[in-house]
Every structure is written in C-alpha cells, then in structure tokens.
Amino acid sequence: MSDVTFRLAHLGEDAAIKAFINEHFDMRLPLVNRPEFYHYYYAGRGGVPQFAVAEQDGRYLSAAGYVLANTSANPDVWVSVWVAVKGHNGVGLELMNALPGLTHARVLACNNIRAATCAMYRFLGWKAERMSHYYRLADLPAYSLASPGPKTILPVMGARVLKRVASAADLIPLGMPKTNHTPRKDMWYMMRRYFHFPHFHYDVWAAMNYGRADAYVVTRLVTAQDTGSAAVLRLVDYIGPDELLPQLGRAIDNILQESGAEYIDCYNAGISEEIWRAAGFVEREPGDGVVIPNYLTPPLLENTEYYYFTNEPEHFVIFRADGDQDRPNLPPDA
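Presented here is an overview of the structure given in this document. Note that the coordinates shown come from a computational prediction; the quantities given were computed from them, not determined experimentally. (Residues numbered from 1 in each chain as written. Predicted model: local features only at pLDDT ≥ 70, side-chain atom pairs only at ≥ 80, totals over all residues. Heavy atoms only, no water.)

Taken together, the side chains of Glu 273, Glu 274, Glu 285 and Asp 288 define an acidic patch exposed on the protein surface. Take Glu 274: it is sitting in helix α10 (residues 273-278). (Patch = residues over 30% accessible without salt bridge, like charges linked within 9 Å, V, L, I, M, F, W, Y side chains within 5 Å. Areas by Shrake-Rupley, 256 points an atom, 1.4 Å probe, with all protein chains shown as cover. Salt bridge = Lys/Arg side-chain N within 4 Å of Asp/Glu carboxyl O. Lys, Arg positive; Asp, Glu negative; His and termini not counted. Charge placed at Lys NZ, Arg CZ, Asp CG, Glu CD. Helix = DSSP H or I, 4+ residues; strand = E, 2+ residues; numbered from the N terminus.)

Along the polypeptide, Ala 168 turns up in helix α6 (residues 168-171). Residue Ala 168 is classed as buried on the basis of its relative accessible area of 11%. Once the C-alpha coordinates of Ala 168 and Ile 255 are considered, the two residues, 87 residues apart in sequence, prove to be 20 Å apart. What Ala 168 contacts, discounting residues up to four positions off in sequence, is Met 191, Phe 195 and His 196. (Buried < 20%, exposed > 50% of the residue type's maximum accessible area, 1.4 Å probe, protein only. Contact = heavy atoms within 4.5 Å.)

Further remarks concern the sheet that holds strand β1 (residues 5-8). Overall, mixed pairing links the seven strands, which are arranged β1-β2-β3-β4-β5-β14-β6 in an open sheet. The open sheet terminates on both sides in strands that have one partner only, identified here as β1 and β6 (127-130). Each strand of the sheet is rotated relative to its neighbour by a mean of 25 degrees, with strand direction disregarded. Of the strand pairs in this sheet, β1 and strand β2 (residues 51-56) are connected by four bridges, and their pairing is antiparallel. Each residue of the ladder has a partner; that of Phe 6, found in β2, is Ala 54. Running at roughly 105 degrees to strand β3 (residues 59-68), helix α1 (residues 14-24) makes contact with β2, β3 and β4 (77-84) of the sheet. Sheet strands in contact with helix α3 (residues 35-42) are β2, β3 and β4, and its direction is about 75 degrees off that of β3. (Pairing = 2+ DSSP bridges. Axes fitted to C-alpha atoms, helices over the stretch in contact; angles between N-to-C directions.)

Moving on to the pairing of strand β7 (residues 132-137). Taken across its six residues, β7 has six buried, putting it largely inside the fold. Burial along β7 is two-sided: Ser 132, Tyr 134 and Arg 136 and His 133, Tyr 135 and Leu 137, pointing in opposite directions, are all buried. In this sheet, strand β12 (residues 263-269) lies alongside β7 in antiparallel orientation, the contact comprising six bridges. Pairing of Tyr 135 across the sheet is with Asp 265, part of β12. Pairing of β7 with strand β13 (residues 282-284) involves three bridges; the strand directions are antiparallel. Looking across to β13, one finds that His 133 is bridged to Arg 284.

See below:
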C-alpha cells in the first residue's frame, strides 16, 4: 500500500468529490448538492474545485473544501466542508494540517465548528474558541423574540455617519479600509460576498472620509414577515479599525431604529468586549438568562453558540458572515 498523498483537487474532479462527500458525510449537505451553493463556494477561478484531498492508491480518504477571503498569491482561507472515511480521521486531521501549505494560505480558519472538536484543533497548536454574541435592543415596551431580562440599553456616541453603498460598482471607488484584521478581505471578496450572494440581500454601509471608506459595516434585515412576529437586524461583518467602531455607535443605532427591528445582534471574536460596549452593544454570556434568538425562520426561541478555529490568532477577527456561514437553511437538493 502506497503512502497517502495530500494535494489540491484537479480540474474536472467535482463529480468524484461530491460523490465522496455524499457517501461519507453523515447528511446530505446543501453546500455540496445545491448547484448555486456549490458553484458559489467551491467553483474556483478557472473552474478548478476549491478542495484538497488525501488520496491513497487512487482512493480518497479525506476531502476539505475551502473559501477564499482574497485573491492574493497567499490568500487567507476559511475551511468549509471536511470529510474523512470512517476509521481515517487521523488522515483527515493531517489533511487539515497540510491545507495552509497546499493553498499557500497565511491564515487558515473555520467558522462554526463543533464544540467537541475544539480539542482536536488545539492539538495542532491552533486556537479554537467560542464566538462572543453581542446585541443591542430597540427601546420597546415588550419583545416578541428576545428575552433580555432586565432591559439594558447602553448609551451610544460618535458623530461619524454611515452611508449605504447602493451597488458593487459604487463600492469600487471607495476602496478598502486600513485594518490589521485577518483574514484580509479585498474588493473582490466584498463585491462577491455582499452583492452577488445567492438568496440573501445585504446592506453595506460606509464610514466616509474625503471620498474613501474608513470602515464598512454590513447588515442583513430579517423582516417581520420572515419571522412571523418582529424584524431582527444582523450585523454580519465589520471591516475597519477597532477604535472607529465606537464612533459609529449612534449611526448603527439609527439604522436599528429605521429598520423597525426589535434588536440588532452580532457574533464576533477578535474585537474586545470594551469596544463593543463603547459602540452600544451588550454581550450575551452563557447562563446569564438572556435569550437572543439566532434561528429566525421559523423562530427558535433559544440561544445558539458558535465555535471557530484559526491557525494564526494574532489580529484574527471573525464574524457571522465569514466562511460558509450566514446562508439560508434550504433543503439539500434544489
């Protein structure tokens, strides 16, 4: 029996990789089986599938799909689907460890891993933790979705305004803000993720400074029609310096009020609680009695915890929309 080979997928391997995942994963994945999702996430530039495989004697033992954050020669990469043949989880872990080298990635990360697998990634020397969950309530007499306990609405400050960016074409001249956050997102990513994503509509807001963007805030509104009771606003991404976020607190609160939502929430790791509090957001912590529902269509009136890993924790920042997350819950086959 020959040694295991770790390599990137070749042009034309899509069908074989899909069949392998469907055979060995514990459920049929919409990401793989719905054409619009597969094409969006995994049909790489030039049509080469964005997968790495572990192969022995012509047989796959593991496969890992990945999503690019930028188009540089050394991109930052989010791991998406990851599958190993039963009894070969060790090979799957080796494939994960090989992925930064195969993709030439500076930063490797994954959004929404299972809590029980954190120890496995820590074994590789990587950081694996729970994502923090922050929220800001609208000042309402009662809430139909949130159960906030004692109502806490922090003061907001900042004179900076946020301007809605109407289209991908309007985004281009604004440029990318200066930030030390990783994964590094470029203009290709911003246009593709927030203006060309199937099914969801996002609002991209720019903090302007002499015709350029100092920061972007990205939100997605879940309407009262969607939930059957009340609207909810999700803050799914922020690109910019940490210290600017508190200066946008009043502008974000204005977006919340104008949306008619009963709260805005944000899953994040990498930006401190102090920064979020200064921007007007309260942290929901496990066991504090607060319920800020995450699943809304239909509503599931309980909290959801998300976990992540990264191989490069310095300056690492992750949000809800990163990787293959923040997508509609659709059946696996179109």
